[in-house]
Amino acid sequence: MERFIIIGGGILGASTAYFLAKMGADVHLVDRKDKGQATDAAAGIICPWISQRRNKAWYALARGGASYYPELIRQLEEDGETETGYRRVGAISLHSEMGKLEKMQARTLIRRREAPEIGEVNLLNETETSNLFPLLSERFSSISVEGAARVDGRALRDALINASRKHGATVKFGDAKLTTVGNKVNGIIVDGEQVKASKVIITAGAWAGELLEPLGLNVSVTGQKAQIVHLRLPFQETSEWPVVMPPTDQYIVPSDEGKIIVGATHEDDVENKFEPTAGGMFEVLDKALKVAPGLVKATFEEVRVGLRPFTPGFLPVIGNVPGHAELLFANGLGSSGLTVGPYLGKQLANMALGHPLDIDLTLYSVDEIFSCKMKNKSL
(Lines give C-alpha, C1' and ligand atoms only; values in the text may rest on other atoms or scores of the structure.)
Protein backbone atom coordinates (compact mmCIF):
# COMPACT_ATOMS: atom_id res chain seq x y z
CA MET A 1 0.00 0.00 0.00
CA GLU A 2 1.24 3.45 -0.92
CA ARG A 3 1.89 5.83 1.97
CA PHE A 4 1.03 9.51 1.72
CA ILE A 5 2.39 12.24 3.96
CA ILE A 6 0.49 15.53 4.14
CA ILE A 7 2.31 18.53 5.57
CA GLY A 8 -0.05 21.24 6.78
CA GLY A 9 -3.18 20.56 8.80
CA GLY A 10 -5.39 23.50 7.89
CA ILE A 11 -8.67 23.04 6.07
CA LEU A 12 -6.94 21.93 2.85
CA GLY A 13 -4.59 19.41 4.44
CA ALA A 14 -7.23 18.06 6.81
CA SER A 15 -9.64 17.58 3.90
CA THR A 16 -7.01 15.80 1.82
CA ALA A 17 -6.18 13.49 4.72
CA TYR A 18 -9.85 12.70 5.26
CA PHE A 19 -10.56 11.78 1.65
CA LEU A 20 -7.41 9.68 1.31
CA ALA A 21 -8.03 7.83 4.56
CA LYS A 22 -11.68 7.28 3.66
CA MET A 23 -10.52 5.66 0.42
CA GLY A 24 -8.30 3.26 2.37
CA ALA A 25 -4.90 4.90 1.89
CA ASP A 26 -2.07 4.90 4.44
CA VAL A 27 -2.06 8.55 5.51
CA HIS A 28 0.20 10.58 7.81
CA LEU A 29 -0.89 14.16 8.48
CA VAL A 30 1.68 16.47 10.08
CA ASP A 31 1.06 19.97 11.33
CA ARG A 32 3.32 22.38 13.21
CA LYS A 33 0.40 24.28 14.77
CA ASP A 34 1.93 27.62 13.80
CA LYS A 35 0.46 30.75 15.25
CA GLY A 36 -1.55 32.61 12.62
CA GLN A 37 -2.91 29.70 10.59
CA ALA A 38 -5.68 30.96 8.34
CA THR A 39 -8.09 28.12 9.13
CA ASP A 40 -7.65 28.61 12.86
CA ALA A 41 -8.82 32.23 12.61
CA ALA A 42 -11.40 32.06 9.85
CA ALA A 43 -15.16 32.45 9.95
CA GLY A 44 -16.31 31.21 6.59
CA ILE A 45 -19.09 32.52 4.38
CA ILE A 46 -20.22 30.01 1.77
CA CYS A 47 -21.79 32.30 -0.81
CA PRO A 48 -19.62 32.72 -3.92
CA TRP A 49 -22.50 33.20 -6.34
CA ILE A 50 -23.03 36.96 -5.83
CA SER A 51 -19.37 37.84 -6.29
CA GLN A 52 -18.45 40.40 -8.93
CA ARG A 53 -15.06 38.77 -9.40
CA ARG A 54 -14.71 38.06 -13.10
CA ASN A 55 -12.11 35.30 -12.99
CA LYS A 56 -13.98 32.30 -14.37
CA ALA A 57 -11.43 29.82 -13.03
CA TRP A 58 -11.88 31.14 -9.48
CA TYR A 59 -15.66 31.06 -9.76
CA ALA A 60 -15.67 27.48 -11.08
CA LEU A 61 -13.65 26.34 -8.07
CA ALA A 62 -15.70 28.36 -5.58
CA ARG A 63 -18.99 27.17 -7.06
CA GLY A 64 -17.79 23.57 -6.89
CA GLY A 65 -16.74 24.09 -3.27
CA ALA A 66 -20.08 25.56 -2.24
CA SER A 67 -21.99 22.83 -4.05
CA TYR A 68 -19.96 20.09 -2.37
CA TYR A 69 -20.59 21.14 1.23
CA PRO A 70 -23.89 19.31 1.86
CA GLU A 71 -22.34 16.02 0.73
CA LEU A 72 -19.23 16.63 2.86
CA ILE A 73 -21.28 17.37 5.97
CA ARG A 74 -23.39 14.27 5.38
CA GLN A 75 -20.25 12.12 5.13
CA LEU A 76 -18.82 13.57 8.32
CA GLU A 77 -22.08 13.00 10.18
CA GLU A 78 -22.06 9.38 9.02
CA ASP A 79 -18.58 9.18 10.55
CA GLY A 80 -19.96 10.46 13.85
CA GLU A 81 -18.71 14.04 13.45
CA THR A 82 -21.72 16.25 14.07
CA GLU A 83 -19.89 19.35 15.35
CA THR A 84 -18.74 20.66 11.96
CA GLY A 85 -19.48 24.35 12.45
CA TYR A 86 -21.50 24.37 9.22
CA ARG A 87 -25.00 25.83 9.08
CA ARG A 88 -27.12 26.94 6.16
CA VAL A 89 -28.58 30.24 7.37
CA GLY A 90 -28.72 32.26 4.17
CA ALA A 91 -27.02 35.59 3.52
CA ILE A 92 -28.05 39.15 2.88
CA SER A 93 -25.92 41.39 0.69
CA LEU A 94 -26.45 45.04 1.57
CA HIS A 95 -26.47 48.24 -0.42
CA SER A 96 -28.10 51.64 -0.23
CA GLU A 97 -28.54 51.82 -4.03
CA MET A 98 -31.41 49.69 -5.30
CA GLY A 99 -30.03 49.66 -8.85
CA LYS A 100 -26.87 47.87 -7.75
CA LEU A 101 -28.90 45.30 -5.83
CA GLU A 102 -31.06 44.65 -8.88
CA LYS A 103 -27.95 43.96 -10.96
CA MET A 104 -26.63 41.64 -8.25
CA GLN A 105 -29.92 39.77 -8.16
CA ALA A 106 -29.97 39.40 -11.94
CA ARG A 107 -26.40 38.08 -11.97
CA THR A 108 -27.15 35.58 -9.21
CA LEU A 109 -30.31 34.33 -10.91
CA ILE A 110 -28.37 33.67 -14.10
CA ARG A 111 -25.81 31.66 -12.11
CA ARG A 112 -28.62 29.71 -10.42
CA ARG A 113 -29.29 27.96 -13.73
CA GLU A 114 -26.08 25.96 -13.15
CA ALA A 115 -26.15 26.14 -9.34
CA PRO A 116 -29.66 25.32 -8.09
CA GLU A 117 -28.28 25.12 -4.54
CA ILE A 118 -28.43 28.94 -4.53
CA GLY A 119 -32.15 28.66 -3.74
CA GLU A 120 -34.39 31.70 -3.54
CA VAL A 121 -32.87 35.10 -4.36
CA ASN A 122 -35.08 37.93 -3.18
CA LEU A 123 -34.83 41.71 -3.24
CA LEU A 124 -35.60 43.14 0.22
CA ASN A 125 -36.40 46.70 1.25
CA GLU A 126 -34.95 48.43 4.31
CA THR A 127 -37.58 47.12 6.72
CA GLU A 128 -37.39 43.53 5.46
CA THR A 129 -33.62 43.65 5.68
CA SER A 130 -33.49 44.93 9.26
CA ASN A 131 -36.12 42.38 10.26
CA LEU A 132 -33.69 39.62 9.28
CA PHE A 133 -30.76 41.20 11.14
CA PRO A 134 -32.11 43.64 13.76
CA LEU A 135 -28.75 45.31 14.50
CA LEU A 136 -28.43 46.88 11.04
CA SER A 137 -28.70 50.50 10.07
CA GLU A 138 -32.10 51.19 8.50
CA ARG A 139 -30.52 52.73 5.40
CA PHE A 140 -29.74 49.40 3.73
CA SER A 141 -31.79 47.31 1.36
CA SER A 142 -30.47 43.89 0.34
CA ILE A 143 -30.79 40.75 -1.67
CA SER A 144 -31.20 37.54 0.29
CA VAL A 145 -29.61 34.29 -0.86
CA GLU A 146 -31.30 31.25 0.64
CA GLY A 147 -28.55 28.71 -0.04
CA ALA A 148 -25.72 30.59 1.66
CA ALA A 149 -24.10 29.14 4.76
CA ARG A 150 -21.57 29.87 7.48
CA VAL A 151 -18.82 27.58 8.70
CA ASP A 152 -16.42 27.69 11.63
CA GLY A 153 -12.93 26.89 10.37
CA ARG A 154 -11.66 25.36 13.61
CA ALA A 155 -14.70 23.15 14.08
CA LEU A 156 -14.66 21.83 10.52
CA ARG A 157 -10.91 21.21 10.55
CA ASP A 158 -11.18 19.30 13.82
CA ALA A 159 -14.09 17.23 12.51
CA LEU A 160 -12.08 16.30 9.40
CA ILE A 161 -9.03 15.33 11.45
CA ASN A 162 -11.11 13.28 13.89
CA ALA A 163 -12.81 11.48 11.02
CA SER A 164 -9.45 10.88 9.34
CA ARG A 165 -8.23 9.13 12.48
CA LYS A 166 -11.35 6.95 12.51
CA HIS A 167 -10.44 5.84 8.99
CA GLY A 168 -6.89 4.95 10.05
CA ALA A 169 -4.90 8.14 9.44
CA THR A 170 -1.97 8.96 11.69
CA VAL A 171 -1.85 12.56 12.89
CA LYS A 172 1.33 14.12 14.27
CA PHE A 173 2.02 17.62 15.56
CA GLY A 174 5.59 18.76 15.02
CA ASP A 175 8.08 20.40 12.67
CA ALA A 176 8.44 18.33 9.50
CA LYS A 177 11.53 18.46 7.28
CA LEU A 178 11.71 16.82 3.88
CA THR A 179 14.19 13.99 3.39
CA THR A 180 15.67 13.01 0.05
CA VAL A 181 17.51 10.24 -1.74
CA GLY A 182 19.44 11.91 -4.50
CA ASN A 183 17.10 14.55 -5.82
CA LYS A 184 13.93 12.68 -4.90
CA VAL A 185 11.92 13.35 -1.75
CA ASN A 186 11.31 10.08 0.07
CA GLY A 187 9.61 11.26 3.25
CA ILE A 188 10.08 13.50 6.27
CA ILE A 189 11.73 13.78 9.63
CA VAL A 190 9.43 15.05 12.37
CA ASP A 191 10.62 15.40 15.96
CA GLY A 192 13.57 13.13 15.22
CA GLU A 193 11.47 10.35 13.68
CA GLN A 194 11.77 9.49 10.02
CA VAL A 195 8.63 8.64 8.10
CA LYS A 196 8.98 7.43 4.52
CA ALA A 197 6.34 7.77 1.83
CA SER A 198 5.84 7.32 -1.90
CA LYS A 199 4.21 10.77 -2.15
CA VAL A 200 4.36 13.91 -0.02
CA ILE A 201 1.53 16.43 -0.28
CA ILE A 202 2.31 20.02 0.76
CA THR A 203 -0.62 22.08 2.00
CA ALA A 204 1.34 24.42 4.24
CA GLY A 205 -0.23 27.73 3.24
CA ALA A 206 1.91 30.79 3.92
CA TRP A 207 4.69 28.58 5.33
CA ALA A 208 5.20 26.44 2.19
CA GLY A 209 8.24 28.40 1.06
CA GLU A 210 10.46 27.53 4.00
CA LEU A 211 9.61 23.86 3.62
CA LEU A 212 10.66 23.73 -0.03
CA GLU A 213 13.64 26.08 0.12
CA PRO A 214 16.14 23.27 0.88
CA LEU A 215 15.17 21.72 -2.46
CA GLY A 216 16.35 24.85 -4.23
CA LEU A 217 12.83 26.03 -4.96
CA ASN A 218 11.46 29.50 -4.45
CA VAL A 219 7.67 29.60 -4.02
CA SER A 220 5.71 32.75 -4.80
CA VAL A 221 3.15 32.50 -2.01
CA THR A 222 2.63 35.41 0.36
CA GLY A 223 0.67 35.73 3.58
CA GLN A 224 -1.87 38.51 3.99
CA LYS A 225 -2.76 39.34 7.58
CA ALA A 226 -6.40 39.23 8.65
CA GLN A 227 -7.68 40.40 12.03
CA ILE A 228 -11.13 39.13 13.04
CA VAL A 229 -13.06 40.35 16.09
CA HIS A 230 -15.40 38.13 18.11
CA LEU A 231 -18.24 39.83 19.97
CA ARG A 232 -21.05 38.58 22.17
CA LEU A 233 -24.63 39.76 22.61
CA PRO A 234 -25.71 38.33 25.99
CA PHE A 235 -29.13 36.68 26.07
CA GLN A 236 -29.60 37.20 22.31
CA GLU A 237 -30.53 34.24 20.10
CA THR A 238 -28.51 34.66 16.91
CA SER A 239 -28.11 31.12 15.59
CA GLU A 240 -30.64 31.57 12.77
CA TRP A 241 -29.57 35.06 11.70
CA PRO A 242 -28.19 35.31 8.16
CA VAL A 243 -24.64 36.18 7.25
CA VAL A 244 -24.30 39.88 6.42
CA MET A 245 -22.22 41.01 3.44
CA PRO A 246 -21.94 44.84 3.53
CA PRO A 247 -20.92 46.99 0.55
CA THR A 248 -17.39 47.10 2.00
CA ASP A 249 -14.58 44.56 2.12
CA GLN A 250 -15.78 43.14 5.44
CA TYR A 251 -18.47 40.83 6.80
CA ILE A 252 -20.64 40.11 9.82
CA VAL A 253 -21.17 36.46 10.71
CA PRO A 254 -23.62 35.55 13.48
CA SER A 255 -23.07 32.29 15.32
CA ASP A 256 -24.72 30.47 18.20
CA GLU A 257 -25.46 31.81 21.68
CA GLY A 258 -25.19 35.48 20.81
CA LYS A 259 -21.77 35.36 19.16
CA ILE A 260 -21.16 37.81 16.32
CA ILE A 261 -17.94 37.65 14.29
CA VAL A 262 -16.84 40.74 12.37
CA GLY A 263 -13.91 41.17 10.06
CA ALA A 264 -11.59 41.21 8.49
CA THR A 265 -8.59 43.36 7.73
CA HIS A 266 -6.53 42.89 4.56
CA GLU A 267 -2.97 43.78 5.56
CA ASP A 268 0.07 43.39 3.32
CA ASP A 269 3.72 44.01 4.23
CA VAL A 270 3.12 44.13 7.98
CA GLU A 271 5.95 43.79 10.50
CA ASN A 272 3.87 42.22 13.26
CA LYS A 273 2.14 39.40 11.44
CA PHE A 274 0.70 37.37 14.27
CA GLU A 275 -0.49 39.85 16.89
CA PRO A 276 -3.69 41.91 16.94
CA THR A 277 -3.20 45.65 16.72
CA ALA A 278 -5.21 48.64 17.89
CA GLY A 279 -5.37 49.91 14.31
CA GLY A 280 -6.68 46.62 13.00
CA MET A 281 -9.34 46.31 15.68
CA PHE A 282 -10.41 49.91 15.11
CA GLU A 283 -10.78 49.34 11.38
CA VAL A 284 -12.93 46.26 11.88
CA LEU A 285 -15.13 47.73 14.60
CA ASP A 286 -15.49 51.11 12.92
CA LYS A 287 -16.75 49.56 9.69
CA ALA A 288 -18.98 47.08 11.52
CA LEU A 289 -20.65 49.71 13.70
CA LYS A 290 -21.39 51.93 10.71
CA VAL A 291 -23.24 49.02 9.11
CA ALA A 292 -24.75 47.54 12.28
CA PRO A 293 -24.94 50.22 15.00
CA GLY A 294 -26.80 47.77 17.21
CA LEU A 295 -23.45 46.05 17.82
CA VAL A 296 -22.46 48.93 20.11
CA LYS A 297 -23.91 46.98 23.06
CA ALA A 298 -22.01 43.79 22.26
CA THR A 299 -19.25 42.66 24.61
CA PHE A 300 -15.73 41.99 23.36
CA GLU A 301 -14.46 38.40 23.47
CA GLU A 302 -11.29 38.02 21.41
CA VAL A 303 -9.37 38.86 18.26
CA ARG A 304 -8.09 36.13 15.98
CA VAL A 305 -5.27 36.69 13.52
CA GLY A 306 -4.59 34.59 10.45
CA LEU A 307 -2.39 34.71 7.36
CA ARG A 308 -4.28 34.16 4.12
CA PRO A 309 -2.01 32.56 1.49
CA PHE A 310 -2.08 34.24 -1.92
CA THR A 311 -0.35 33.54 -5.23
CA PRO A 312 0.65 36.41 -7.58
CA GLY A 313 -2.44 35.69 -9.70
CA PHE A 314 -4.76 35.55 -6.67
CA LEU A 315 -5.87 32.09 -7.78
CA PRO A 316 -5.45 28.71 -6.04
CA VAL A 317 -2.93 26.34 -7.57
CA ILE A 318 -2.73 22.56 -7.53
CA GLY A 319 -0.36 20.07 -9.12
CA ASN A 320 3.02 18.38 -8.99
CA VAL A 321 6.01 20.42 -7.87
CA PRO A 322 8.13 20.98 -11.00
CA GLY A 323 10.86 18.35 -11.22
CA HIS A 324 9.34 16.29 -8.39
CA ALA A 325 6.66 13.82 -9.43
CA GLU A 326 6.60 12.56 -5.84
CA LEU A 327 5.57 15.99 -4.48
CA LEU A 328 2.03 17.31 -4.76
CA PHE A 329 1.28 20.92 -3.92
CA ALA A 330 -1.79 23.10 -3.42
CA ASN A 331 -1.92 26.64 -2.10
CA GLY A 332 -3.19 30.17 -2.61
CA LEU A 333 -6.77 29.78 -1.38
CA GLY A 334 -6.75 33.34 -0.01
CA SER A 335 -9.98 34.60 1.48
CA SER A 336 -11.90 31.73 -0.17
CA GLY A 337 -10.18 29.05 1.90
CA LEU A 338 -13.19 27.67 3.70
CA THR A 339 -15.31 27.71 0.54
CA VAL A 340 -12.71 26.03 -1.65
CA GLY A 341 -10.62 24.00 0.82
CA PRO A 342 -12.64 20.77 1.20
CA TYR A 343 -13.39 20.57 -2.52
CA LEU A 344 -9.75 21.15 -3.47
CA GLY A 345 -8.68 18.61 -0.85
CA LYS A 346 -10.86 16.04 -2.56
CA GLN A 347 -9.12 16.84 -5.86
CA LEU A 348 -5.70 16.46 -4.24
CA ALA A 349 -6.66 13.08 -2.84
CA ASN A 350 -7.88 11.92 -6.24
CA MET A 351 -4.72 13.21 -7.89
CA ALA A 352 -2.52 11.36 -5.39
CA LEU A 353 -4.38 8.11 -6.11
CA GLY A 354 -4.47 8.62 -9.87
CA HIS A 355 -8.25 9.00 -9.95
CA PRO A 356 -10.15 11.35 -12.29
CA LEU A 357 -10.58 14.96 -11.13
CA ASP A 358 -13.60 17.24 -11.23
CA ILE A 359 -11.59 20.32 -12.24
CA ASP A 360 -9.47 21.43 -15.18
CA LEU A 361 -5.92 21.35 -13.82
CA THR A 362 -4.62 23.64 -16.55
CA LEU A 363 -6.57 26.51 -14.96
CA TYR A 364 -4.71 26.15 -11.65
CA SER A 365 -1.17 25.35 -12.73
CA VAL A 366 1.58 25.49 -10.09
CA ASP A 367 4.35 26.11 -12.63
CA GLU A 368 4.30 29.89 -12.57
CA ILE A 369 4.71 30.19 -8.80
CA PHE A 370 7.91 28.10 -8.69
CA SER A 371 11.38 29.21 -9.65
CA CYS A 372 14.79 27.68 -9.08
CA LYS A 373 16.78 29.32 -6.28
CA MET A 374 19.82 27.10 -5.95
CA LYS A 375 21.05 23.68 -6.91
CA ASN A 376 19.10 20.81 -5.37
CA LYS A 377 20.77 19.27 -2.38
CA SER A 378 20.15 16.30 -0.16
CA LEU A 379 18.69 16.89 3.28
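Right, let's walk through the structure included here. Small disclaimer: the values here were computed from a predicted structure and weren't measured. (Residues numbered from 1 in each chain as written. Predicted model: local features only at pLDDT ≥ 70, side-chain atom pairs only at ≥ 80, totals over all residues. Heavy atoms only, no water.)

**Overview of the packing of aromatic side chains**
The final tally for this structure, using the stated rule, is eight aromatic pairs. Summarising the aromatic geometry, the rings of phenylalanine 310 and phenylalanine 314 are spaced 5.6 Å apart at their centres and angled 65° between planes, so their arrangement reads as edge-to-face. What makes phenylalanine 310 buried here is its relative accessible area of 13%. Ring-pair connections join several aromatic residues into one group, and the members of that group are Tyr18, Phe19, Tyr68 and Tyr343. (Phe/Tyr/Trp six-rings, centres within 6.5 Å; stacked < 30°, edge-to-face > 60°. Buried < 20%, exposed > 50% of the residue type's maximum accessible area, 1.4 Å probe, protein only.)

**Here's the deal with the sheet that holds strand E21 (residues 324-331)**
Here six strands make up an open sheet; going across it, the order is E9-E2-E1-E13-E21-E20 and the pairing mixed. Both edges of this open sheet fall to strand E9 (170-173) and strand E20 (317-321), since each of them pairs with a single strand only. With direction set aside, neighbouring strand axes in the sheet form an average angle of 20°. Summarising the sheet, strand E2 (residues 26-31) and E9 pair through four bridges and their orientation is parallel. Counterpart to aspartate 31 in the pairing with E9 is phenylalanine 173. (Pairing = 2+ DSSP bridges. Helix = DSSP H or I, 4+ residues; strand = E, 2+ residues; numbered from the N terminus. Axes fitted to C-alpha atoms, helices over the stretch in contact; angles between N-to-C directions.)

**What about helix H8 (residues 278-291)?**
Look at H8: 20 Å from first C-alpha to last across 14 residues, which is about the 20 Å you get at 1.5 Å a residue. Inspection of H8 places Gly280, Val284, Ala288 and Val291 among the buried residues, and these make up the whole buried set. Viewed end-on, H8 has its buried residues packed into an arc of 60°, placing them on one side of the element. Seen from the open side of H8, the exposed residues pointing more than 90 degrees away from its buried face are Ala278, Phe282 and Lys290. At its buried positions, H8 is contacted by strand E5 (91-95), strand E15 (222-232), strand E17 (251-254) and strand E18 (259-263). (Expected span 1.5 Å × (residues − 1). Arc of directions from axis to C-beta. Contact = heavy atoms within 4.5 Å.)

**Some points on the layout of surface pockets**
Taken as a whole, the second largest pocket encloses approximately 420 Å³ of empty space. Along its surface, the second largest pocket is lined by 25 residues, and Gly85, Arg150, Asp152, Ser255 and Asp256 are the ones closest to its centre. Of all the secondary-structure elements, those providing two or more residues to the lining of the second largest pocket are helix H3 (56-78), strand E4 (86-87), strand E8 (149-152), E15, E17 and E18. With three residues, E8 is the single largest residue contributor to the lining of the second largest pocket. Looking at the lining of the second largest pocket residue by residue, the classes come out as 10 nonpolar, five polar and 10 charged. (1 Å grid on protein atoms, 1.4 Å probe; cavity = no way out; pocket = protein on both sides within 12 Å on 5 of 7 lines; lining within 4 Å. Points joined across faces, edges and corners; volume = space filled by probe spheres on them. Nonpolar A, V, L, I, M, F, W, Y, C, P; charged D, E, K, R; others polar.)

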